[in-house]
4 protein chains.
Amino acid sequence: MKKRARTKHTPRAEKTRARLVDAAIDEFAEFGFHNSKISNIVARAGVTQPTFYFYFDTKEAIHEYLVERVRMELTGLIETARIPATTPASDVMDKLRNAIEVFLKYFEENPKLAPIGYFDGIKSSAIREEIVALVSRNIAFEQGAGYCRPELDPVFMSHCYNGSLERLIRVYLLSGQYDAHALAEKVANLYGYGSVPKSFFDSTAGEHNNLKS
Amino acid sequence: MKKRARTKHTPRAEKTRARLVDAAIDEFAEFGFHNSKISNIVARAGVTQPTFYFYFDTKEAIHEYLVERVRMELTGLIETARIPATTPASDVMDKLRNAIEVFLKYFEENPKLAPIGYFDGIKSSAIREEIVALVSRNIAFEQGAGYCRPELDPVFMSHCYNGSLERLIRVYLLSGQYDAHALAEKVANLYGYGSVPKSFFDSTAGEHNNLKS
Amino acid sequence: MKKRARTKHTPRAEKTRARLVDAAIDEFAEFGFHNSKISNIVARAGVTQPTFYFYFDTKEAIHEYLVERVRMELTGLIETARIPATTPASDVMDKLRNAIEVFLKYFEENPKLAPIGYFDGIKSSAIREEIVALVSRNIAFEQGAGYCRPELDPVFMSHCYNGSLERLIRVYLLSGQYDAHALAEKVANLYGYGSVPKSFFDSTAGEHNNLKS
Amino acid sequence: MKKRARTKHTPRAEKTRARLVDAAIDEFAEFGFHNSKISNIVARAGVTQPTFYFYFDTKEAIHEYLVERVRMELTGLIETARIPATTPASDVMDKLRNAIEVFLKYFEENPKLAPIGYFDGIKSSAIREEIVALVSRNIAFEQGAGYCRPELDPVFMSHCYNGSLERLIRVYLLSGQYDAHALAEKVANLYGYGSVPKSFFDSTAGEHNNLKS
DNA sequence: GATGAATGAGGCTTCATTCAT
DNA sequence: GATGAATGAAGCCTCATTCAT
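Residues numbered from 1 in each chain as written. Chains lettered and ligands numbered in written order. Predicted model: local features only at pLDDT ≥ 70, side-chain atom pairs only at ≥ 80, totals over all residues. Heavy atoms only, no water.

**Regarding the overall build of chain A**
The helix and strand inventory of chain A stands at 11 helices and zero strands. Counting only residues that meet the buried cut, chain A has 50% of its 213 residues in that class. Long-range contacts, defined as pairs at least 24 residues apart, comprise 67% of the intrachain contacts of chain A with a sequence gap of at least 6. (Helix = DSSP H or I, 4+ residues; strand = E, 2+ residues; numbered from the N terminus. Buried < 20%, exposed > 50% of the residue type's maximum accessible area, 1.4 Å probe, protein only. Contact = heavy atoms within 4.5 Å.)

Here is the structure:
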């Protein structure tokens, strides 16, 4: 919050700024925030160091900018991914999978940017909290609609989802092993039906509803 | 692989070394590896910088030592947490919960050390892979014993578990919100039975077995 | 081979760079390379340490730059110091003296710089070899012209010259005891006529040509 | 001049001390004084660092000890290498060669130790001065005996000799290219008769005696 | 808007040397 | 006589950041 009285937006300036942002994405993606260097960023962007400081106050600033960008885009997606109340029972799994897929697609389409905002340290913990809150609201809604076991804690579930997805994104999605659709399906299957075979349900019928959650 | 091939280790040395290790744990826990400083570590330990280099070659070295320590202790725990084949059906959930609880307990009892080895960046990715491999072996074993849906991919499941737990540890365990036992129970319930209400199982009977996993 | 591939060089930069070079010459001259400190160099130059690294990568780098500079200048001089083939016999000693004088003058005029390049350790051994090679070529040429005993090994002679001069420069020239001209004359006299009195030549006539050289 | 109240000389102590000295010779020979490390010396000697300080006060101390040792041995040799006054004219060159050979032999037989004392920086300049003084005394003596041109400056000549030999030792002797005897012969030939062909002496008769030296 | 040049601050590491046993 | 452990003192170098043009 020092200067930033930037008012002009010539096309040339926009271009330079964009080059810096792209360069920063590449740099952060390759080295992470802590091992990134402004000298590398400006080299990638083909400008000099003072130019960087013309557009951003600090190294943190451009990182925060990226994190914020991810936050906005990601929360926007989540908010629209609620399972419609009118969903017929037979489509629940599809809808669940779809909600997950929307989230994964963002990472698939922004393989460098998204991890910066979502994985990279302290700043991204805020965004994760926000995502968790949104997802938990969706879950609560789905519970109200009967698509989800009501005794489960939505926030808790949301953290589980997010934690898993965070890992799965790295291991399966960014590596190209699975695409968003396939991965979402696998996740939905596991989270939807659990791991315990159906046969056990009978022998332990009703029990799982009694577990305090 | 430079020095430290010394043979003798006086009690005094062990004490100093231990002080350095403890100090490093505190420092890494507080600042993370990247923002940690050797000067801080030695200050916490009450020794001078050269003394640090008497015991460890670099800052990386002591960090690796800690990561390795966590890896050893954690893999040791996992290896012994297999659900016994003789487990009666009615105890499956208890056993599952117990396996998770063992893992969580390690973090509960080593709230500073464990995260260093498990969360902190690149070096810990190896350890996570190893844990995942172990857990997936346990899962496969449980599938063989009929405690787990056979169509699920053990490695995939293992990543889901681990990802969730990683998050839950931070949010619920290290914050003191839940203890290892309670948290394990919640996780087991979700992972064991899934989120979809039992009522849906009837209407979508057999379907979830058809989902390719 | 890191940076310093910059293209532009403002006058200001040239000035700073020159100040650093001069400071380095003084520092190396006073303490030698091993006991020199970058902190001293920048203090002499009136700049900060990072400024040093803006112009040179390491302490070694600036030293190599100086050695290279001496090598260039010195080899340039040597290459033009060949005794002309048309020299009448009576002028041979003058020409020999002159060739030596040219070399000495460089040290006389660059009393701080020249020794850095010529005396200072390992890097300067290469330059000495080069000088020796050049001088030996001149000697061979002079042998062809009849100004030098043909049975002498030019490379060997060249090393003798150089070794002597290296010492004489330190002892007589840099101390101000002799100037280049006077010193060259003394050297030429000794190397030209040897130490054995002429009277012995008669009694041992022809013998010295039989010594295997 | 700190402690050094060492009185006892048990055989074990002598052995340890000798091991340290040998180790130091190796270390200095390999790296030179400035790049040598006490840690390396004691490692070579198979003892610990405090043990080093039990025998020598500082790193400089052991180096000085070695330089002094070389000085003693070398000056002892020089002092006995004077050409006897009764030498017949026909043997002058042999005697000159022999004097040189004695000096070279020391380096041949102590290829690691001798250079430490003779080449290594500031401390060795004193020893060189002493050698030069001794040699010049020998030369003056030889002038008195008529074996050397009387108009030449003995000290100057001595420096020339020494400078050349210093170089020749490194280039030809320590490399194994020539042995002490052969090298001495080459040097004697050059220094005894000079480089100018005998034929020039006639045409420039008497001239070289007029050169001020 | 952009540049070449410069700086402040601080971290890592090494090494000769000494303490306590 | 010798050892394991510890220290004081520096030096090199890097990086984010700013000055002057």
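**Quick notes on the protein's contact with DNA strand F**
Lining the immediate environment of DNA strand F, one finds 42 residues, of which A:Lys37, B:Thr16, B:Pro50, B:Tyr55 and D:Thr10 sit closest. The backbone of A:Lys59 places a nitrogen or oxygen atom 3.0 Å from a phosphate oxygen of DNA strand F. Here a phosphate oxygen of DNA strand F and a side-chain polar atom of B:Thr51 are 2.6 Å apart. Partitioning the surface near DNA strand F into residue classes produces 16 nonpolar, 16 polar and 10 charged. (Near = heavy atom within 4 Å. Polar contact = N/O pair within 3.5 Å; in protein donor to acceptor, adjacent residues only side chain to side chain. Nonpolar A, V, L, I, M, F, W, Y, C, P; charged D, E, K, R; others polar.)

**Here we look at helix H2 (residues 38-45) of chain D**
Residue and element names in this part refer to chain D. Turning to H2, its buried residues are Ile-38, Ile-41, Val-42 and Ala-45. Projected down its long axis, H2 shows its buried positions confined to an angular sector of 90°, all on one face. Buried residues belonging to H2 abut helix H1 (11-35), helix H3 (49-55) and helix H4 (59-79). Taken from the residues just after H2, Gly-46 is the one with a positive phi, measuring 75°. (Arc of directions from axis to C-beta.)

**Examining the protein's contact with DNA strand E**
Near DNA strand E lie 42 residues; those nearest to it are A:Thr10, C:Thr16, C:Pro50, C:Tyr55 and D:Lys37. Sugar and phosphate atoms represent 70% of those atoms of DNA strand E found within 4 Å of the protein. A distance of 2.9 Å is found between a phosphate oxygen of DNA strand E and a side-chain nitrogen or oxygen belonging to B:Lys37. Take D:Tyr53: an N or O atom from its side chain is 3.0 Å from a phosphate oxygen of DNA strand E. The set of elements that each furnish at least two residues to the surface near DNA strand E consists of helix H1 (11-35) and helix H3 (49-55) of chain A, helix H2 (38-45) and helix H3 (49-55) of chain B, helix H1 (11-35) and helix H3 (49-55) of chain C together with H3 of chain D. Class assignment of the residues belonging to the surface near DNA strand E gives a composition of 16 nonpolar, 16 polar and 10 charged.

**Details of the packing of aromatic side chains**
Counting across every chain of the model gives 58 aromatic pairs over all chains. With centroids separated by 5.3 Å and ring planes inclined at 55°, the aromatic side chains of A:Phe103 and A:Phe107 adopt a geometry described as tilted. Of the two residues, A:Phe103 and A:Phe107 are both situated in helix H5 (residues 92-109); the distance of four residues between them amounts to about one turn of the helix. Summarising the burial analysis for this pair, A:Phe103 and A:Phe107 share the class buried. Where B:Phe56 meets B:Tyr65, the ring centres are 6.1 Å apart and the plane angle is 50°; that geometry is what we call tilted. Looking at B:Phe56, the relative accessible area reads 5%, which means it is buried. An aromatic cluster is present here, built from A:Phe103, A:Tyr106, A:Phe107, A:Tyr118 and A:Phe119 joined pairwise through their rings. Positioned above the aromatic ring of B:Phe156 is the side chain of A:Lys186, whose terminal nitrogen or guanidinium carbon lies 4.7 Å from the ring centre. Across from the ring centre of C:Phe119, 4.1 Å away, lies the NZ or CZ of C:Arg170, which sits over that ring. (Phe/Tyr/Trp six-rings, centres within 6.5 Å; stacked < 30°, edge-to-face > 60°. Lys NZ or Arg CZ within 6 Å of the ring centre and 35° of its normal.)

**Some words on the pattern of salt bridges**
Where charged atoms from two side chains of opposite charge come close, those side chains can pair. Applying the stated criterion across every chain, the model contains 52 salt bridges over all chains. For A:Lys186, the salt bridge identified is with B:Asp153, shortest N-O distance 3.7 Å. Taken together, the positions of A:Lys186 in helix H9 (residues 180-193) and B:Asp153 in the loop between helix H7 (121-144) and helix H8 (154-173) put the pair across two chains. On the basis of relative accessible area, A:Lys186 is assigned to the buried category, the value being 5%. Close ionic contact of B:Glu166 with B:Arg128 constitutes a salt bridge, the shortest N to O distance being 3.5 Å. A residue pair is termed long-range when its members are at least 10 positions apart, and B:Glu166 in helix H8 and B:Arg128 in helix H7 qualify at 38 residues. For B:Arg128, a relative accessible area of 14% translates into the label buried. (Salt bridge = Lys/Arg side-chain N within 4 Å of Asp/Glu carboxyl O.)

**Points about the packing of H1(A) against helix H4 (residues 59-79) of chain A**
Residue and element names in this part refer to chain A. Following both chains from N to C, one finds H1 and H4 inclined at 95°, their axes separated by 11 Å at the closest point. Between H1 and H4, the angle is such that the two are roughly perpendicular. Contact residues: Leu-20, Val-21, Ala-24, Ile-25, Phe-28, Phe-33 and His-34 in H1; Lys-59, Glu-60, Ile-62, His-63, Tyr-65, Leu-66 and Arg-69 in H4. Each residue belonging to the contact of H1 with H4 can be placed in one class, and the counts come to nine nonpolar, two polar and three charged. (Axes fitted to C-alpha atoms, helices over the stretch in contact; angles between N-to-C directions. Parallel < 35°, antiparallel > 145°, perpendicular 65-115°, else oblique.)

**Remarks on H4(A)**
Helix length check: H4(A), at 21 residues, gives a terminal C-alpha distance of 30 Å against a target of 30 Å (1.5 Å per residue), a fit within 8%. Among the residues of H4(A), those classed as buried are A:Lys59, A:Ile62, A:His63, A:Leu66, A:Val67, A:Val70, A:Arg71, A:Leu74, A:Thr75 and A:Ile78. (Expected span 1.5 Å × (residues − 1).)

**Some words on the side chain of C:Thr16**
Within the secondary structure, C:Thr16 sits in helix H1. Those residues in contact with C:Thr16, other than ones at most four positions away along the chain, are C:Val47, C:Thr51 and C:Tyr55.

**Considerations on the environment of D:Thr58**
Relative to the helices and strands, D:Thr58 is located in the loop between H3 and H4. Linking D:Thr58 and D:Ile38, residues 20 residues apart in sequence, is a C-alpha distance of 9.2 Å.

**What to know about the confidence of the model for chain A**
On average, residues of chain A score 83 in pLDDT, and 81% of them reach the 70 mark or higher. Taken together, the stretch residues 203-213 of chain A has pLDDT below 50 and engages in 22 contacts with residues farther than four places along the chain or on a different chain. (pLDDT = per-residue confidence, 0-100.)

**Observations concerning the environment of A:Ile100**
All names here are of chain A. Mapped onto the elements of the fold, Ile-100 is located in helix H5. Distance in space between the C-alpha atoms of Ile-100 and Ile-78 is 9.1 Å, their sequence separation being 22 residues. In contact with Ile-100, not counting residues within four places along its chain, are Tyr-161, Leu-165, Ala-184, Val-187 and Ala-188.

**Details of the environment of D:Cys148**
Of note, D:Cys148 is situated in the loop between helix H7 (121-144) and helix H8 (154-173). Each C-alpha atom of the pair D:Cys148 and D:Gly192 lies 8.5 Å from the other, and the pair is 44 residues apart in sequence.

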